[in-house]
Amino acid sequence: MAIKRPKSHTFAIGLLGWAIACWVFFPIAWMALTSFKTEVDAIATPPQFIFRPSLASYHEVFARANYWHFTLNTVAISLGATIVALALSVPAAYAMAFIPSQRTRGTLLWMLSTRMLPPVGVLVPIYLLARNTHLLDTLTGLGIVDMLTNLPIIVWMLFTFFREVPAPILEAGRMDGASRWQEMTLVLLPLALPGIASTALLSIILCWNESFWSLNLTSSQAAPLAAFIASFSSPEGLFFGKLSAASTLAVAPILVFGWFSQKQLVRGLTFGAVK
Amino acid sequence: MATVELRDIRKTYLKDEIIKGVSLTIEDREFVVFVGPSGCGKSTLLRMIAGLEDITAGDLLIDGRRVNDVEPAKRGLAMVFQSYALYPHMDVYKNMEFGLKLAGMPASERSAKIRDVARILQLEPYLHHKPGQLSGGQRQRVAIGRAIVRNPKVFLFDEPLSNLDAALRGQMRVELATLHRRLNATTIYVTHDQVEAMTMADKIVVLQGGVVEQVGSPLELYHHPRNLFVAKFIGSPPMNFIPVVVETSSTESVTVRLPDETFLDVPVDGSNTPAGTALTLGIRPEHVALDEPGLAGQVEIVERLGAATLFHIRLRDGQLLVAQSDGAADHPLDSGVSVGLPPRHCHLFGADGLALAAHARHPLLA
């Protein structure tokens, strides 16, 4: 660090950081806490911080729904959508970064603009498309929609990473006799691997957490964890204990995954910003 | 080995013509340097020869074969980039091996070739280092090695020394010249540094605004610049220019009136320059004769380079003239001095910038 900050500053920034982290993490912590309460404790006013932990909610959740079925669906959709999205985005981002045309900028912005559209706006057409192609409640159907919604972000991220690779290195490859394909696989991909990894991580997380299309396009066969959570907010009334247990079970894997890959993620998301 | 021929090569990029019709023949084993100010199109021209840029119009021939639409690697060229452009994820050995591998050369042959080149370039101890672990000079050598192993017909260099510090640049210049003599390959070298151009080239191509200003040997360009641009661009410190007016002219010589109303008889062909024409007289600093009868002025700045001394002399009419003298020459600051302009070293340029043909050739060029 070039500039030395006074110790009190560092302390204040640290304190602020922790405060924001606690504030952001509180709902998740509260959810995890509630999942270990009995239903009576869960709705007690004032809210109880000290209580007798119980696994009753978990037992009931496991008894009522097949957690592993939903988890496997989510894993399959997240991984599948991410792999297909990368396979499509790498060539697209390569072309945009290294062989730009006059329309490249516009195309990129247009792609991003599709993310600004409220998904509900295209619910009916997408639903009908899925129904008519017999993709309703299938892993393929939801996977395709998840993949397409994330495609703009993935192309954008890869585009930014690829642009950090100096063009002469690829040209050197071409002078050495590499075809476009070899240039991409043997020169570009190894160099952009950290960026591709963080893009993949982000895509997995986005797919995992996606709920709108999950709830609207699946019912039982292909239902992912989002549907699993939703199934516990029943019309007979809210059972916060069970709902929290289900939610905790749904987010736990991705939370652990995110924890272990956070270095890679932060590095990826701030890439280029700190050159 | 190989000849390279450019026939009216043009490049248009977004409606702008960057290369405006370049015709040039590069002989076998020749070391040709493209030189010019930044933006003159020299790098674009090199990249067009390499195949990294499309050729909008014209023909590019290598060994008599039209290669406009041939892929870079199939043109039999190798290129050394300004930024070295080594593959950062591969060690030195693999950097050099990459092209050979793609060409399908057997492993044993590859290994023998790479070790041979590594020995020539003194890279043997670094074969298993990544580019990031090497110094600038070593990276440069790896880039050259990567070009050499492919045994190309023509070497292309795009400002290869501009990222190195002055001392290393001088050293690499000698190494490159030695290497060229050893490999005897046709070489095209792009630089904006005229010292590199002068010292290494068999033939210099001066470019400006996408047009070839002059092609010739270094001394040809130095002593017989075709126009004002080349005269200004080649030579350091640059040539001095003085506005003059033609008094009388003949095919034998032109008599011009200097700013101080004295006359000078310059031995150039004046058949198209009638009396009264405004011309520009050019003279190199080392040809300005201090303490000889001529223009009067005052010493304003003295730059002592050791072996030589540069005197910046303010003439009566306010113009600054640079005179180069030996290292021992002594003229105190602000002292009055008279500078002679030896006619045989004077160049005359017309209003169109073109030089009037001199009668005498430089002895080394005769």
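Residues numbered from 1 in each chain as written. Chains lettered and ligands numbered in written order. Predicted model: local features only at pLDDT ≥ 70, side-chain atom pairs only at ≥ 80, totals over all residues. Heavy atoms only, no water.

Here the focus is the interface of chain B and chain A. A common way to report how large an interface is uses the accessible area buried once the components associate. Listed by partner, the interface residues are 23 residues for chain B and 16 residues for chain A. In total, chain B and chain A occlude about 1,600 Å² of area from one another, counting both sides; carbon and sulfur atoms represent 69% of this. Three residues, Tyr87(B), His89(B) and Leu102(B), lead the burial of chain B against chain A; their summed loss comes to 29% of the area buried on that side. Linking chain B with chain A are 2 salt bridges, by the criterion used here. We note a salt bridge from Arg47(B) to Glu171(A), for which the minimum N-O separation is 2.7 Å. Taken together, the links from chain B to chain A amount to 6 residue pairs in polar contact (both at pLDDT 80 or more). Counting residues per element, the ones that place at least two in the side of chain B that touches chain A are helix H1 (42-50), strand E6 (77-80) and helix H2 (92-102) of chain B. Ranked by residues supplied to the side of chain B that touches chain A, first place goes to H2(B) with 4 residues. When the residues that make up the side of chain B that touches chain A are grouped by side-chain class, the tally is 16 nonpolar, 4 polar and 3 charged. (Contact = heavy atoms within 4.5 Å. Buried area = accessible area lost by both parts, 1.4 Å probe. Salt bridge = Lys/Arg side-chain N within 4 Å of Asp/Glu carboxyl O. Polar contact = N/O pair within 3.5 Å; in protein donor to acceptor, adjacent residues only side chain to side chain. Helix = DSSP H or I, 4+ residues; strand = E, 2+ residues; numbered from the N terminus. Nonpolar A, V, L, I, M, F, W, Y, C, P; charged D, E, K, R; others polar.)

All right, on to the sheet that holds E6(B) then. Residue and element names in this part refer to chain B. Strand order in this open sheet of 6 strands is E6-E7-E8-E3-E9-E10, and the pairing throughout is mixed. Of all the strands in the sheet, just E6 and strand E10 (211-216) have a single pairing partner and so form its edges. Averaged over all neighbouring strand pairs, the angle between strand axes comes to 15°, with direction disregarded. Note that strand E7 (residues 154-158) and strand E8 (residues 186-191) share 5 bridges and pair parallel. Bridging from a neighbouring strand, Leu-156 pairs with Ile-188 of E8. (Pairing = 2+ DSSP bridges. Axes fitted to C-alpha atoms, helices over the stretch in contact; angles between N-to-C directions.)

Another aspect to go through is a nonpolar patch on the surface. A cluster of nonpolar side chains, Leu16(A), Ile20(A), Trp23(A) and Val24(A), forms an exposed patch at the surface whose accessible area comes to about 490 Å². Within the secondary structure, Trp23(A) sits in helix H1 (residues 7-35). (Patch = residues over 30% accessible without salt bridge, like charges linked within 9 Å, V, L, I, M, F, W, Y side chains within 5 Å. Areas by Shrake-Rupley, 256 points an atom, 1.4 Å probe, with all protein chains shown as cover.)

All names here are of chain B. In space, the 4 strands of this open sheet follow the order E17-E16-E15-E18, with antiparallel pairing throughout. A strand with exactly one partner marks an edge of an open sheet, and here the two such strands are strand E17 (320-326) and strand E18 (336-340). For this sheet, the mean inter-axis angle between neighbouring strands, taken without regard to orientation, is 50°. The pairing of strand E15 (residues 289-304) with E18 spans 6 bridges and is classified as antiparallel. Paired with Leu-290 across the two strands is Val-339, which belongs to E18.

Ranked by size, the top nonpolar core spans 90 residues in total, and within it Phe162(A), Phe228(A), Val4(B), Leu6(B), Phe34(B), Leu156(B) and Ile188(B) carry the most contacts. Here this core gets 12 residues from one element, more than from any other, and that element is helix H9 (residues 180-209) of chain A. Sequence-distant contacts of Phe162(A), defined by excluding residues within four places in its chain, comprise Val90(A), Ala93(A), Tyr94(A), Ala97(A), Phe98(A), Leu188(A), Leu189(A), Ala192(A) and Ile196(A). If you look at the next biggest cluster of nonpolar residues, it comprises 45 residues, including Ala78(B), Tyr84(B), Val142(B) and Ala143(B). (Core = buried A, V, L, I, M, F, W, Y, C linked by side-chain atoms within 4.5 Å. Buried < 20%, exposed > 50% of the residue type's maximum accessible area, 1.4 Å probe, protein only.)

This part takes up the UniProt feature "domain: ABC transporter" (unreviewed entry) in chain B. According to UniProt, the "domain: ABC transporter" (unreviewed entry) feature falls on residues 4-234 of chain B. A distance of 25 Å separates the end C-alpha atoms of residues 4-234 of chain B, which is 37% helix and 26% strand. (UniProt positions renumbered as here; feature names shortened; annotations may be inferred.)

All names here are of chain B. What the domain assignment lists for chain B is domain 1 (4-231) and domain 2 (236-365). Taken together, the contact pairs 13 residues of domain 1 with 16 residues of domain 2. In total, domain 1 and domain 2 occlude about 1,300 Å² of area from one another, counting both sides; carbon and sulfur atoms represent 59% of this. Of all residues in domain 1, the largest losses of buried area upon contact with domain 2 belong to Tyr-222, His-224 and Leu-228, amounting jointly to 40% of the total for that side. Here domain 1 and domain 2 share 1 salt bridge between them. (Domains from an automatic or database assignment.)

Now for the environment of Lys42(B). Residues and elements named next belong to chain B. Position of Lys-42 relative to the elements: it lies in helix H1. Along the sequence, Lys-42 and Thr-280 sit 238 residues apart, while their C-alpha atoms lie 28 Å from each other. Looking at Lys-42, its side chain comes within polar contact range of the main-chain oxygen of Gly-36, at 3.1 Å. Here the side chain of Lys-42 touches Pro-37 through a polar contact of 3.4 Å, landing on its backbone oxygen.

Here the focus is the UniProt feature "transmembrane region" (unreviewed entry) in chain A. UniProt tags residues 12-33, 75-96, 108-130, 142-162, 183-206 and 239-260 of chain A as "transmembrane region" (unreviewed entry). Secondary structure over residues 12-33 of chain A splits into 100% helix and 0% strand, and the C-alpha atoms at its two ends are 29 Å apart.

To continue, consider the pairing of E10(B). All names here are of chain B. Strand direction decides the pairing type here: strand E9 (residues 203-208) and E10, joined by 5 bridges, are antiparallel. Note that in E10 the partner of Ile-204 across the bridge is Gly-216. Once E9 ends, the chain turns through 2 residues before running back antiparallel as E10, passing Gly-209 with a positive phi of about 55°.

What follows covers the pairing of E17(B). Residue and element names in this part refer to chain B. Here strand E16 (residues 308-315) runs beside E17; their pairing, made up of 7 bridges, is antiparallel. Residue pairing across strands places His-312 opposite Val-322, the latter belonging to E17. Connecting the antiparallel pair E16 and E17 is a turn made up of 4 residues, with Gly-318 showing a positive phi of about 95°.

With that settled, the discussion passes to the side chain of Ser78(A). All names here are of chain A. Mapped onto the secondary structure, Ser-78 falls in helix H4 (residues 67-98). Residue class for Ser-78 comes out buried when judged on its relative accessible area of 1%. Contacts of Ser-78, omitting those with residues within four sequence positions, involve Ile-204, Cys-207 and Trp-208.

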